[in-house]
Amino acid sequence: MWTGIVFALAAGLMWGLVFVAPLMLADYPPLMLTIGRYLAFGLIALPLGWMDKRALRRLSRGDWLQALSLSLVGNFLYYLLLSSAIQMAGAPLPTVIIGTLPVVIAICANLRSHQPLPWPKLLPSLGLIALGIGCVNQDELRLLLQANGGSAALRSYGLGALLALGAVACWTWYPIRNADWLQAHPQASPRVWATAQGLMTLPVALLGLGMLHLSQALGWPLLGAGFQLPLGPRALDYIGLMLAVGLFSSWLGTLCWNEASQRLPTSLVGQLIVFESLAALAYAFMLRGQWPSLLTIAGIALLLAGVIWALRDGARRRPAI
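Quick summary incoming for the structure in this document. The model shown is predicted, which means the values in this text are computed figures rather than measured ones.

**Some remarks on the side chain of Arg 37**
Okay, so step 1: Positionally, Arg 37 belongs in helix H3 (residues 30–51).
Okay, so step 2: Here Arg 37 is buried and forms no salt bridge, its nearest opposite-charge partner Glu 276 lying at an N-O distance of 7.4 Å.
Okay, so step 3: Side-chain polar atoms of Arg 37 contact the side chain of Tyr 38, separated by 3.1 Å.
Okay, so step 4: Apart from the residues lying within four places of it in its own chain, the contact partners of Arg 37 are Val 18, Tyr 79, Met 242, Val 245, Gly 246, Ser 249 and Ser 250.

Structural data, given as structure tokens:
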């Protein structure tokens with residue numbers, strides 16, 4: 001169990017990087033960031049797939065279709081919505097909306113489980129996490145209103161929140177379905193399954209890149225008239241950051257999450273996605289070059305308390321998956 005928790009923590013630290021990438025490349029449209037990230041993921045998966053070719057051959061057609069659906073929803077659509085939300089509203093607001101995932105996933109997983117966790121054991125940790133999310137969200141909205149003015153800030157917040165809610169829906173579906181597959185195939189290697197998802201992203205990313213070039217050639221630039229394909233205004237920064245995110249956030253993050261999903265109940269591992277939100281908040285404040293406010297610190301403390309509560313209950317009684 002504790003090995004699974006360490007893997008979940010590592011995945012959260014890796015995934016937190018994706019929240020700051022759109023801020024570091026603010027002059028790149030979200031679609032370009034999404035295609036670049038998963039093109040890098042697919043290219044990284046090619047040599048890894050060659051090393052695991054025997055294990056990959058044992059995957060059925062249905063397994064590959066499942067890997068494709070997980071890649072489309074949990075990778076492409078999720079990150080397109082998330083990066084758009086971050087560029088519209090800044091990193092912290094979408095981060096704390098995405099931070100509802102531990103609550104949403106845990107509730108959904110428990111509702112659909114054949115052997116659910118008792119709600120009295122689950123609700124206290126979920127309540128602490130929800131309260132912590134509320135504290136951080138309230139503080140970030142207050143700062144946004146002070147910085148940008150009332151109506152404009154609310155419009156920006158509303159659009160960013162709507163896009164982030166779409167990302168929440170994608171990432172509620174992804175870990176549950178991914179855990180279903182891993183638990184139905186206990187003999188499968190989490191590394192091979194992460195590589196399989198990476199391989200399925202490559203043709204989709206190449207198709208997306210081809211559509212961008214075609215639309216520009218036809219005079220219908222999807223990225224805006226001023227954006228220059230193929231690599232934009234800061235080619236080296238773009239390539240370096242996309243490779244880093246593709247390797248650490250996509251392949252290695254997925255690998256660590258798969259390892260955690262095989263070891264922990266879905267209702268518990270869903271709560272551990274809070275590590276992603278905590279890492280993203282830490283990275284965002286480091287990028288800002290400032291300390292969080294007392295209310296934000298209180299919210300983070302409540303998030304941690306909720307996780308510790310969940311882990312304590314999990315250590316006392318590990319339920320059947």
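**Brief notes about the nonpolar core**
Okay, so step 1: Judged by nonpolar contacts, the single largest core of 82 residues is most densely connected at Phe 19, Tyr 78, Tyr 79, Leu 82 and Ile 98.
Okay, so step 2: Looking at which element gives the most residues to this core, the answer is helix H9 (residues 150–184), with 11 residues.

**Observations concerning the side chain of Thr 34**
Okay, so step 1: Tracing the chain through its elements places Thr 34 in helix H3.
Okay, so step 2: For Thr 34, a relative accessible area of 2% gives the class buried.
Okay, so step 3: With residues near it in sequence (within four places) discarded, Thr 34 still touches Phe 76, Tyr 79, Leu 80 and Ser 83.

**Looking at the packing of helix H1 (residues 2–15) against helix H11 (residues 235–263)**
Okay, so step 1: One can describe the packing of H1 onto H11 by two numbers: an axis separation of 8 Å at closest approach and a directional angle of 155°. Relative to H11, H1 is oriented roughly antiparallel. Relative to H11, H1 is oriented so that their crossing is left-handed. Packed against H1, whose contacting residues are Thr 3, Gly 4, Phe 7, Ala 8, Ala 10, Ala 11, Met 14 and Trp 15, the element H11 presents Phe 248, Ser 249, Leu 252, Gly 253, Thr 254, Cys 256, Trp 257, Glu 259, Ala 260 and Arg 263 at the interface.
Okay, so step 2: Taken together, the residues of the contact of H1 with H11 sort by class into 11 nonpolar, 5 polar and 2 charged.

**Concerning a nonpolar patch on the surface**
Okay, so step 1: A surface patch of nonpolar side chains, amounting to about 380 Å² of accessible area, comprises Met 88, Leu 159, Leu 162 and Leu 165.
Okay, so step 2: Residue contributions to the nonpolar patch peak at 3 residues, all from H9.

**Things to note about the packing of aromatic side chains**
Okay, so step 1: Scanning all chains against the criterion turns up 10 aromatic pairs.
Okay, so step 2: Arranged with centres 3.6 Å apart and planes meeting at 5°, the rings of Trp 181 and Trp 193 form a pair that is stacked. Of this pair, Trp 181 sits in helix H9 while Trp 193 sits in helix H10 (residues 190–217); the two residues are 12 residues apart in sequence, bridging distant segments of the chain. In terms of burial, Trp 181 and Trp 193 fall into one category: buried.
Okay, so step 3: The ring of Tyr 79 carries Arg 37 above its face, with NZ or CZ at 4.6 Å from the centroid.
Okay, so step 4: One cation-aromatic arrangement involves Lys 53 over Trp 50; the distance from NZ or CZ to the ring centre is 4.3 Å.

The rules we used
Residue positions are counted from 1 within each chain, in the order its sequence is given. Totals for whole chains, interfaces and linings use all residues, but because this is a predicted model, local features are given only for residues with pLDDT of at least 70 and pairs of side-chain atoms are given and counted only at 80 or more. Heavy atoms from the whole structure form the basis of all side-chain values; hydrogens and water molecules are not counted. Numbered from the N terminus, helices here are DSSP runs of H or I no shorter than four residues, and strands are runs of E no shorter than two. When a residue's accessible area, from a 1.4 Å probe over protein chains only, is under 20% of the maximum for its type it is buried; when over 50% it is exposed; and in between it is partly exposed. Only four residue types enter the charge count: Lys and Arg as positive, Asp and Glu as negative, with His and the chain ends excluded. Salt bridge, as used here, is a side-chain nitrogen of Lys or Arg placed within 4 Å of a carboxyl oxygen of Asp or Glu. Definition of a polar contact: a pair of N or O atoms within 3.5 Å, with one able to donate and the other able to accept a hydrogen when the atoms are protein atoms, and with sequence-neighbouring residues admitted only if both atoms are side-chain atoms. We call two residues in contact when some of their heavy atoms are within 4.5 Å. Among buried residues, those of type Ala, Val, Leu, Ile, Met, Phe, Trp, Tyr and Cys that are joined through side-chain atoms within 4.5 Å constitute a nonpolar core. Here an angle of 0 to 180 degrees is reported between the N-to-C directions of two axes, which are lines fitted to C-alpha atoms, with helices fitted over the stretch in contact. The labels follow the angle: roughly parallel below 35 degrees, roughly antiparallel above 145, roughly perpendicular from 65 to 115, and oblique for the rest. For a crossing to be left-handed, the near helix must be turned anticlockwise from the far one by less than a right angle; the clockwise case is right-handed. The nonpolar class holds Ala, Val, Leu, Ile, Met, Phe, Trp, Tyr, Cys and Pro. Asp, Glu, Lys and Arg form the charged class, and all remaining residues, Gly among them, are polar. Exposure above 30% relative accessible area and no salt bridge define the residues that can form patches, which grow by joining like charges within 9 Å and nonpolar side chains of Val, Leu, Ile, Met, Phe, Trp and Tyr within 5 Å. Per-residue and other accessible areas were derived by the Shrake-Rupley procedure at a 1.4 Å probe size, with only the shown protein chains allowed to occlude residues. Any two of the Phe, Tyr and Trp rings considered here, Trp counted by its six-membered ring, make a pair once their centres fall within 6.5 Å; the pair's planes then place it as stacked at under 30 degrees, edge-to-face at over 60, or tilted in between. A ring has a charge above it when a Lys NZ or an Arg CZ is no more than 6 Å from the ring centre and no more than 35 degrees off the ring normal.

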